[in-house]
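Chain by chain, the residues:
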Amino acid sequence: MRILFVTSEAFPLIKTGGLADVSGSLPAALQAIGADVRILIPGYPAVLDKLVNPTFLTTISNLPHDGTINLIIGEMPETKVPVMVIESAGLYQRNGGPYVDSTGKDWEDNPYRFGTLSLVAAMLSSDQSPLKDWSPEITHCNDWQSGLTPAFMHFMSAGRTKMKQAKSLLSIHNLAFQGSYSADWVKRLGLPAESYQINGVEYYGQLSFLKAGIFYADGLSTVSPTYAKEIQTEAYGFGMQGLLTARGTEIHGILNGLDTHEWNPAIDPHLVQHYDADNITGKQVVKKMLQTKLRLKVEANTPLLGVVSRLTHQKGLDMLSACAETLITQYGCQLAVLGSGDASFEQGYRDLSRRFPDQVSVTIGYNEALSHQMMAGCDIFIMPSRFEPCGLNQMYGLRYGTPPVVTYTGGLADSVQDTNEDSLNNKTATGFVMKKADANDLVSAVSKALGYYQDKKTWKKIQENGMRQNLDWSRSAKAYMRMYEEILHK
Ligand code: ADP
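This is a predicted model, so every value here is computed, not measured. Along each chain, residues carry numbers from 1 onward, in the same order as the chain's sequence is written. In keeping with the model being predicted, local features are shown solely for residues with a pLDDT of at least 70 and side-chain atom pairs are shown and tallied solely at 80 or more, while totals for entire chains, interfaces and linings include all residues. Computation of side-chain values covers all heavy atoms of the structure but excludes hydrogens and water.

1. Considering the environment of Val-285
Where we set the bar: By the criteria applied, helices consist of DSSP H or I runs no shorter than four residues and strands consist of E runs no shorter than two, each listed in order from the N terminus. Residue burial is assigned from relative accessible area. The probe radius is 1.4 Å, only protein chains are included, and a residue is buried under 20% of its type maximum, exposed over 50%, and partly exposed in between. Note on contacts: a residue pair is in contact if any heavy atoms of the two residues lie within 4.5 Å.
With respect to the element layout, Val-285 can be found in helix α9 (residues 282-293). Note on Val-285: relative accessible area 38%, which makes it partly exposed. Linking Val-285 and Asp-36, residues 249 residues apart in sequence, is a C-alpha distance of 43 Å. If near-sequence neighbours (up to four positions away) are discounted, Val-285 is found in contact with Val-272 and Gln-273.

2. Concerning the packing of aromatic side chains
The line we're drawing: Aromatic rings from Phe, Tyr and Trp, taking only the six-membered ring of Trp, are treated as a pair when their centres fall within 6.5 Å; an angle between ring planes under 30 degrees marks them as stacked, one over 60 as edge-to-face, and anything in between as tilted. Consider the ring centre and the ring normal. A charge sits over the ring if Lys NZ or Arg CZ is within 6 Å of that centre and within 35 degrees of that normal.
Counted by the stated rule, this structure contains 17 aromatic pairs. Note on Trp-263 and Tyr-396: the rings are 3.7 Å apart at their centroids and 10° apart in plane angle, and the pair reads as stacked. Within this pair, whereas Trp-263 is found in the loop between β12 (251-253) and α9, its partner Tyr-396 is found in helix α13 (residues 393-399), the two being separated by 133 residues in sequence. The residues Trp-263 and Tyr-396 share a single accessibility class, namely buried. In this structure an aromatic cluster arises from ring pairing among Tyr-99, Phe-114, Trp-144, Tyr-181 and Phe-209. Positioned above the aromatic ring of Phe-11, the side-chain terminus of Lys-15 is 5.4 Å from the ring centre. Sitting over the ring of Trp-107, Arg-94 keeps its end group 4.6 Å from the ring centre.

3. Focus: the sheet that holds strand β9 (residues 202-203)
Here is the rule we go by: Two strands make a pair as long as DSSP finds a minimum of two bridges between them.
Taken together, three strands build an open sheet; the order of strands is β8-β10-β9 and the sheet is antiparallel. The sheet terminates laterally at β8 (180-181) and β9, the two strands that pair on one side only. Pairing between β9 and strand β10 (residues 206-208): two bridges, direction antiparallel. Directly across from Tyr-203, in β10, lies its bridge partner Gln-206.

4. Describing the sheet that holds strand β11 (residues 219-222)
Defined as follows: Fitting a line to C-alpha atoms yields each axis, with helices limited to the stretch in contact; the angle taken between N-to-C directions then spans 0 to 180 degrees.
Ordered by their spatial adjacency, nine strands build an open sheet running β3-β4-β5-β2-β1-β6-β7-β11-β12, and the pairing between neighbours is mixed. The open sheet has two free edges, formed respectively by β3 (52-63) and β12, since each of these has just one partner strand. Neighbour-to-neighbour, the strand axes of this sheet turn through a mean angle of 25°, independent of strand direction. Bridging between strand β1 (residues 2-6) and strand β2 (residues 36-42) involves five bridges; their strand directions are parallel. Within β2, the position partnered with Ile-3 by the bridge is Val-37. Strand contacts of helix α4 (residues 149-157): β6 (138-142) and β7 (167-172), with the helix running at about 140° to β6, the strand carrying the most contacts.

5. A few points about α9
Side chains of residues three or four places apart in an α-helix project in the same direction, reflecting 3.6 residues per turn. Put simply, the rule is: Given a helix with a known number of residues, its expected span is that number minus one, times 1.5 Å.
Between its terminal C-alpha atoms α9 stretches 17 Å, which fits the 16 Å expected from 12 residues at 1.5 Å a residue. The set of residues buried in α9 consists of Gly-282, Lys-283, Val-286, Lys-287, Leu-290 and Gln-291. Contacts made by the buried residues of α9 are with β13 (304-311), β14 (334-341), α12 (368-377), α16 (439-454) and α17 (456-468). Downstream of α9 by one or two residues, Arg-295 has phi in the positive range, about 60°.

6. With respect to the nonpolar core
Selection criterion: Residue types Ala, Val, Leu, Ile, Met, Phe, Trp, Tyr and Cys, when buried and joined through side-chain atoms within 4.5 Å, form a set referred to as a nonpolar core. Domain delimitation in this document rests on an assignment produced automatically or drawn from a domain database.
Core analysis: the biggest nonpolar cluster contains 125 residues, and Leu-30 and Leu-40 have the highest contact counts within it. Split by domain, this core shows at least three residues from each of two domains, domain 1 (2-257 + 474-488) and domain 2 (282-467). Dropping the residues within four chain positions of it, Leu-30 is found in contact with Ile-3, Ala-35, Val-37, Ala-477, Tyr-480, Met-481 and Tyr-484.

7. Things to note about the domain arrangement of the chain
Definition in use: Summed over both partners, the accessible area lost on bringing two parts together, with a 1.4 Å probe, is the buried area. Here a salt bridge means any side-chain nitrogen of Lys or Arg lying within 4 Å of a carboxyl oxygen belonging to Asp or Glu.
Assigned domains of the chain: these are domain 1 (2-257 + 474-488) and domain 2 (282-467). Computed over C-alpha atoms, the centres of domain 1 and domain 2 are 33 Å apart. Facing the 19 residues of domain 1 at the interface are 18 residues of domain 2. A buried area of about 1400 Å², summed over both sides, lies between domain 1 and domain 2, and 60% of it is on carbon and sulfur atoms. When the buried area of domain 1 at its contact with domain 2 is split by residue, Lys-15, Thr-226 and Leu-255 rank highest and sum to 27% of it. Remark: the boundary between domain 1 and domain 2 carries one salt bridge. In this structure, Glu-368 and Lys-15 form a salt bridge, with 3.7 Å as the shortest nitrogen-oxygen distance. Only α1 (18-32) and α7 (225-230) provide two or more residues apiece to the side of domain 1 that touches domain 2. The dominant element in the side of domain 1 that touches domain 2, judged by the number of residues it contributes, is α7, at four residues.

8. Re unusual backbone geometry
Here Phe-11 and Pro-12 are connected by a cis peptide whose omega angle stands at 5°. Summarising the element assignment, Pro-12 is placed in the loop between β1 and α1. For Asp-66, which is not glycine, the phi torsion reads 70° and is therefore positive. For Asp-66, the location among the structural elements is in the loop between β3 and β4 (67-75).

9. Things to note about the environment of Val-362
Position of Val-362 among the secondary structure elements: in strand β15 (residues 360-364). For the pair Val-362 and Ser-423, spaced 61 residues apart in sequence, the C-alpha separation works out to 34 Å. What Val-362 contacts, discounting residues up to four positions off in sequence, is Val-337, Tyr-349, Arg-350 and Ser-353.

10. Some points on the site of the ligand
Test applied: Throughout this document, a residue counts as near a molecule or strand when at least one of its heavy atoms sits within 4 Å of that molecule or strand. N or O atoms closer than or at 3.5 Å make up a polar contact, with two conditions inside protein: a donor-capable atom paired with an acceptor-capable one, and, for residues adjacent in sequence, both atoms drawn from side chains.
The full set close to the ligand counts 19 residues, and Lys-15, Gly-18, Asp-21, Arg-310 and Gly-365 are the nearest of them. Contact distances for the ligand include 2.8 Å between an oxygen atom and a side-chain N or O atom of Lys-15. Separating a nitrogen atom of the ligand from a backbone N or O atom of Gly-365 is a distance of 2.8 Å. Elements represented by at least two residues in the shell around the ligand include exactly α1, β13, β14 and α13. With three residues, β13 is the largest single contributor of residues to the shell around the ligand. When we break the shell around the ligand down by domain, the ones giving at least three residues each are domain 1 (2-257 + 474-488) and domain 2 (282-467).

This is the structure:
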């Protein structure tokens, strides 16, 4: 099976969130079971920097931004998965993030930047591709950034009976980000005028990259079975529930796996002490190091709550700030937060750490090493998301013996089993599930977790259940392969 995996971020080349983790791991897991996978990604400076063995492939001209791009092929560090990089000084080689500038503002030319990613993906997906020696059978697009690919593929092949094309798949990692732009972009990106209609790329008076993908892709998937159902409802559908319901039976929900090499407390290079499910004692050493590093009071028995997250409404971190003082003063917890996002959230957490310097540590920014140390050094991981397509951090928490407190939604519902007598008896208890997404329920769930935390023997069982769970990509990769087969033979 030949697969073109189109993505706007892939770890370790470039990462802003969970999509990068998936794009780093899934292609490697597919390769391991025999697939011929190539990643296609924009050439941001970090990508060009880290790409292994880069070689020039071809040039493509007359693209919508009046430009020319170079296609380069190289390899992922470590996994050696082939990566095709779109090199364009004008579009991608600039300081700042993949989507926003250094002040956090969306790049104004994002439609060109990701329209080009989508168009190049579509061009590579047919037997008339600028590449002579390789074309995919499946073009696997991810989120809005490559959402226009299926639309371009549709219009490229229209009326050209001789053109053989790949089948397209769109995976939705977060429906909240839709890539919607004013209608004049339809023409500027070279889409035909007739595409701009309800049965096409139009979405409430705008061009929506994501809607285009959902409408034109041959297959659809999302990153957990529960989220696949939720997005067909008004509460979680972000306005797309009608279209998604119409294709409801076709939407596959496949839970993400983890990079179990990168996220393994037994070998993690970011930890001062390693540990595993057979001997968790080393976790205490990491906790001590973390408390010291974060300038928290070094106390072995004080429960340390951890958050590593984008600081946004989606992640429910306003619920945590609403009850943090209670958790600290009445329940005697410490809190460590790592993340960045909405300015008001960042400020709120900074203020909290100023008020409780011994009990609260807040690190604003992105820090891969610290995120590993927090996963290992904290006692309980807090993730009260309002919606969560899959979520990876709760699974990192499971793997590092840091039971998560989560809301019952999306991938959180599919990966965390609430602790109670039954689940303890049958060894499935792995965390604590809130009943409702509000601050009171968060306090109740943390309070329940703390009750078990005091009972060291039971706590160890909960930790072990999570740590022994098989979370690697192999099962999910097989599910993706079955889905590709299904789409190919549709
Ligand atoms: P999302 O993709 O919605 O942000 P996920 O839980 O799916 O959430 O994935 C988030 C990924 O980004 C995880 O790998 C997490 O460890 C990482 N991450 C998020 N914020 C930070 C941060 N401030 N520093 C380091 N890693 C972070």
